[in-house]
Each structure stands twice: as structure tokens, then as C-alpha cells.
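Structural features, examined
Given next are the chains, with one letter for each unit.
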Amino acid sequence: MAFHISGFLQQMVSGTKSSESASTESAAAENAGQTEQTAQVNTINAKYLASLLAGDTVTGVVNSMKDNQVILSLPNGENLFARLAQGAQVQLGQSMTFQVQENKGNFVALKPLFGDAQQMVLVQKALEAAGLSANESNMAIVQELLARNMSIDAAMLNEMVKNNLKFPNASLDTMANLVKLNIPVTQENIEQYEAYTHYERNMAGQLDSLPSALSDTLTQLTGQDPVQAGTFLKNVTAALYEGLPQEMQAGLSETMPQDAVREGLAQKITETFNDTPQGGQAQALAEQITEGNATVKETLSQLADLIAGTKNTPDDTQAAGQTEKKLTQLLASKELGQLLKGQIEETLYLKPQMADSEESIKGFYKRVRSSLEAVSKETQKAAEGSALSANLNEIKSNIDFMNDLNRNMTYFQMPVRFSEGTGNGELYVFTNKKTLHNNPENVSALLHLDMEHLGSVDVYVKLAGKNVTTNFCLEDSETLDFVYDHIDRLNARLEALGYTAHFEMKLTQPQENFDFEKDFLQNQTGGAPTSQYIFDIKA
């Protein structure tokens, strides 16, 4: 019921006149004004006014109030003059839902709805507008969206209902967050998201399983067709090294620094192929391995030729059987396992010097994704359905999900290769991409590292121009002392780059555990409010 309320507003702000006659004249004038306004109301909104029945609800913003009378601004831009139930407490500027208690035509009596009652009305209205039934499942969807400050228009509700029917076992929380992140709601992405929030998707851990799976596949193929096995190993090696700069390719002495390990591998190769036409070639390769002159790529490529060549072993069943047995032992040996591990670390791990910028990291992932796709195609041709094929698909899905996340934020899992071992790293940039684009010199980020000797390390960094504040959170006092003893080296490097650094170090407290969803995703997307972000606690 909207109308012109100038007379009513004037009454609310004007002072009373001192004389009784003036008061009488004022009252008469106001009554005349209200009569005129009521007529306007009935003319403008007669149909709407008549439609308001006891029990109906009205949502609006409290524009004006005096005693128990209010003016509500409705969503359509009109205003409603109404009386509130006795004792009702509302605030100016408050957006509320009211229930109609009485409608006498010339005034409407309203009762404000609070808390759950107000939300329930809103839920039912949204479902009605979307043409959806108010069943338990659909109401839960609206409440989930409201909890994340997401739209509850017809398009969004119908999309969520469709997803809920398609993926009945997925949580509404997961599906709503995927939609908010603009990530397609698929079974694969549902699994990825839930794995991320439970810290069950670690790329470094996924890569660790590849050498064993690759060895098993080679053993299986060798027993079936040595030529196919050799071709498979050669093609996989070429695919993994595709696009890798020459300076990033390590020699055997780096990948297998212990002389005894290289000598063990050389001996097994010699013994395996000694009685085959490839004996001379095997001996030459063994010498290169012992001396550490060959690269990992060269060693595996030559080994692939040796494996394929066993097909030409003289037609001697007993000799062929012995060669196959030795070859199986070679492929299952810890020495070859270390060589395959070196190949994976060399081609699919990130060296620190390759992580100097976001573009460098993106380039790394682009090359890795391309290499894995090529390896996957080779595996599908030779050993479809194998453990190796499943492992490759998991890693590719992980990279694809990270790519989807990085449309809205900056987050990378980084399997890192150091000079003496590997580690897992995760980079969280708390400054969202829009803000970062406008002001690239103000950044807040977390670098989480899991390393063999230092354990779990959280490094919180806040950059403001050329000032860097760095907070190290470490597992134990021994590690803290170690970092403290070497912090001057980091400070010197930052100073050389023109930065002024301030360092703080502390032991990680259990209550400060980082929550991927609450402390990062919702920070980026403006989700439901949380108590406090972990960066604020630790900084």
C-alpha cells in the first residue's frame, strides 16, 4: 500500500502549537491531509492493498517511524504506511520481513518477523518465485545459498536443484562453493573440492606413486611383448622431457649420487643383457652409468632400446626364459626404481629457480600437464586400465582443478625439488586478483612447505611496497633455532633486491591450524563470515 506521505512526514517533524485553537486547526488540517492521502492510496494501490490478508508477509526497509507507525520502502520502490503490533521493536533503515495481522482498508497492522521465522518466509518466497515446491530438500538449498551470501533468484535455485538431483551424494556445501567459484559441478570436481578441503589432494604425494606404477607397467608389457615395452619406455621418456630446458636436465651423478647405487644398476644391466645380441651395447651403457657421464634421459632411452632388442634373442626357449627373468628382476630392482624416480623428479617437480613469478609457475604447470597428457595417451595404447593410467588421470584432474581455482584466486601446489631431496609446497595468496592487479606492491600470502628435514613450515609474508614482514611458524624449537641461525642469508638476499625485511619466528600452536575452505576460499569469494583468518592470528 504505497502513497504520497508528505503530510504524514510533516506531522512527524513539526512542533505543537501553544494555543488550543491552533492545535484544533492543525488537527483538522492533518485529518484532511490524511483523508486525501488515503484516497490516493486506494487509487494507486487498491489492488495491492486488497490483496494483503492476515498471515501474508511484506518485506521492506524501515524508512520512517514514530511510535507504532512506520513507513516501509518496498522492493518495487513504493512506500507502505502501516501500524506495528504493540511492543514491536524495529530500527530505522532496517530491512525486515513483516507478517500482516490485520487489514482494514485504511490501515495495515504488521508484526515483524525475526531470526529463523524471517528466513523461513524468505526461503518460501524464493521457492515460490522460482516455481519450486517448498520441500525439505529445496528449502535446504535456499538456506545454504543464503549462508554464503549467494543469489537466490530463479536461475540459481533451479541450477542448484538440478545439481542436487544429479549428484545426490554430494553435500550442498560443496556444490554451492563450486558454483560460487565458477567451477563446473561435475563428479570429478566434487571429489577434487572435498579432497582439497580435507587435505587429501597433494600433488607431490601423487607424483611419488608414479615410479612404482611405471615399473609395474614395464614389467607387464615386457612379459607380453618386449618391443612394445621398449617403445613404451622410449615414448614416455621423450614425452616427460618434452619442453624441459637442457640446463634443467640432471646427470646420473646428481640423480644417483652414491657410487654404489650406480654400480648396482650397471651390474644388473650387464647381467641382464650379457647373453643377448645387445651385450656390447649394454656394456657401454653400464660404463657410462658407473662413471656418471650419461643423463637420466639418455640412460632410459638406451635402456628402452635394449629392452626392445630382447625380441631378437636366439630361438632358445631356455635362454629366452632366463633373459625374461633377468629383465623382470632389473625392472623391479631398487636401482631402476631410483632411476625412474629421478626421471619423475627431474621432469615433474619444480626447482626453486623456476618459481620466481606466477607466470613461471603457470608455465611449469602448462608443460607438466602437456607431458602427462602425452604419457597418458601412450599408457592408454599399451596398458589401458592399469594403475599407472589411474595415477596419471588423478594428477591431471588435480592440475585442472587448480587451473579452475586460479581464475578467481592465486593458489598453487608446488612439488619442489631441492639439491638434496624433494618437498611439497603450497602457495596461498590472500590478496584477491582484482586487488592485486590494481596494487601489485601490496600482497599477503602463505607459503606452506613439507620437507624431509625441516618438517612442516608455514611462512606468512606481507609485502607493502618495499617493506616485507615475514612470519615463520615452525614445528619444534630445534627447527626454529636452525632457521634463526640462517635468517641473515635470507635477509641479505632481500636487501640485495631492495627490500627492507622484518622477521618473526614462533612455534605453531594447534589452534592455529590453517583451514583451506574458511581461511582461504571464503576469504577470496566473500563467503560466510569466520571468526578470524589464520594470517591475522599468526601475523
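All figures in this text were calculated on a predicted structure; none of them were measured in a lab.

In terms of regular secondary structure, the protein chain is built from 22 helices and 11 strands. When the 539 residues of the protein chain are sorted by exposure, 45% land in the buried category. The long-range share in the protein chain, meaning contacts at least 24 apart out of those at least 6 apart in sequence, stands at 61%. For the protein chain, the accessible area works out to roughly 27200 Å², and carbon and sulfur atoms hold 48% of it.

Moving on to the environment of Asn 391. Checked against the element boundaries, Asn 391 lands in helix α18 (residues 387-405). Discounting chain neighbours no more than four positions away, the residues touching Asn 391 are Ser 209, Leu 210 and Ala 213. A distance of 3.3 Å separates a polar atom in the side chain of Asn 391 from a polar atom in the side chain of Ser 209.

Formed by 108 residues in total, the largest nonpolar core has its most connected members in Leu 145, Leu 157, Ile 269, Phe 273, Leu 303, Leu 405 and Phe 520. With near-sequence residues (within four places) excluded, Ile 269 lies in contact with Ala 282, Leu 285, Ile 289, Leu 303, Leu 306 and Leu 330. Membership of the second largest hydrophobic core comes to 15 residues, among which are Leu 52, Leu 84, Phe 98 and Leu 110.

For the structure on display, the rule yields one cavity of 30 Å³ or more. Of the pockets and cavities examined, the largest cavity occupies roughly 60 Å³. Looking at the largest cavity, the residues that line it are Leu 210, Leu 214, Val 236, Leu 240, Ile 344, Leu 372, Val 375, Leu 388 and Leu 392. Split by residue class, the lining of the largest cavity holds nine nonpolar, no polar and no charged.

In this section: the sheet that holds strand β4 (residues 95-103). Spatial ordering of the closed barrel is given by β1-β2-β3-β5-β4, a layout of five strands whose pairing is mixed. Along the sheet, successive strands turn relative to each other by an average axial angle of 60°, direction set aside. Note that β4 and strand β5 (residues 108-113) share six bridges and pair antiparallel. Looking across to β5, one finds that Glu 102 is bridged to Ala 109.

This brings us to the confidence of the model for the protein chain. A low pLDDT score tells you not to read the predicted coordinates there in detail. When pLDDT is averaged across the protein chain, the result is 81; 84% of the residues are at 70 or more. Throughout residues 1-44 the model reports pLDDT below 50, and contacts reaching past four residues in sequence, or to other chains, amount to 49 contacts. Across residues 527-539 the pLDDT falls below 50, and counting only partners more than four positions away or on other chains, this stretch makes 35 contacts in the model.

Following both chains from N to C, one finds helix α10 (residues 226-241) and helix α14 (residues 296-309) inclined at 165°, their axes separated by 7 Å at the closest point. By the criterion of interaxial angle, the relationship of α10 to α14 is roughly antiparallel. Classified by chirality, the crossing of α14 by α10 is left-handed. Of the residues in α14, those touching α10 at Pro 226, Val 227, Ala 229, Gly 230, Leu 233, Lys 234, Thr 237 and Tyr 241 are Val 296, Lys 297, Leu 300, Ser 301, Leu 303, Ala 304, Asp 305, Ile 307 and Ala 308. Its residues assigned to classes, the contact of α10 with α14 comprises 11 nonpolar, three polar and three charged.

Here is what the cut-offs are and how they apply
- Residues numbered from 1 in each chain as written.
- Predicted model: local features only at pLDDT ≥ 70, side-chain atom pairs only at ≥ 80, totals over all residues.
- Heavy atoms only, no water.
- Helix = DSSP H or I, 4+ residues; strand = E, 2+ residues; numbered from the N terminus.
- Buried < 20%, exposed > 50% of the residue type's maximum accessible area, 1.4 Å probe, protein only.
- Contact = heavy atoms within 4.5 Å.
- Areas by Shrake-Rupley, 256 points an atom, 1.4 Å probe, with all protein chains shown as cover.
- Polar contact = N/O pair within 3.5 Å; in protein donor to acceptor, adjacent residues only side chain to side chain.
- Core = buried A, V, L, I, M, F, W, Y, C linked by side-chain atoms within 4.5 Å.
- 1 Å grid on protein atoms, 1.4 Å probe; cavity = no way out; pocket = protein on both sides within 12 Å on 5 of 7 lines; lining within 4 Å.
- Points joined across faces, edges and corners; volume = space filled by probe spheres on them.
- Nonpolar A, V, L, I, M, F, W, Y, C, P; charged D, E, K, R; others polar.
- Pairing = 2+ DSSP bridges.
- Axes fitted to C-alpha atoms, helices over the stretch in contact; angles between N-to-C directions.
- pLDDT = per-residue confidence, 0-100.
- Parallel < 35°, antiparallel > 145°, perpendicular 65-115°, else oblique.
- Left-handed = near helix turned anticlockwise from the far one by under 90°.

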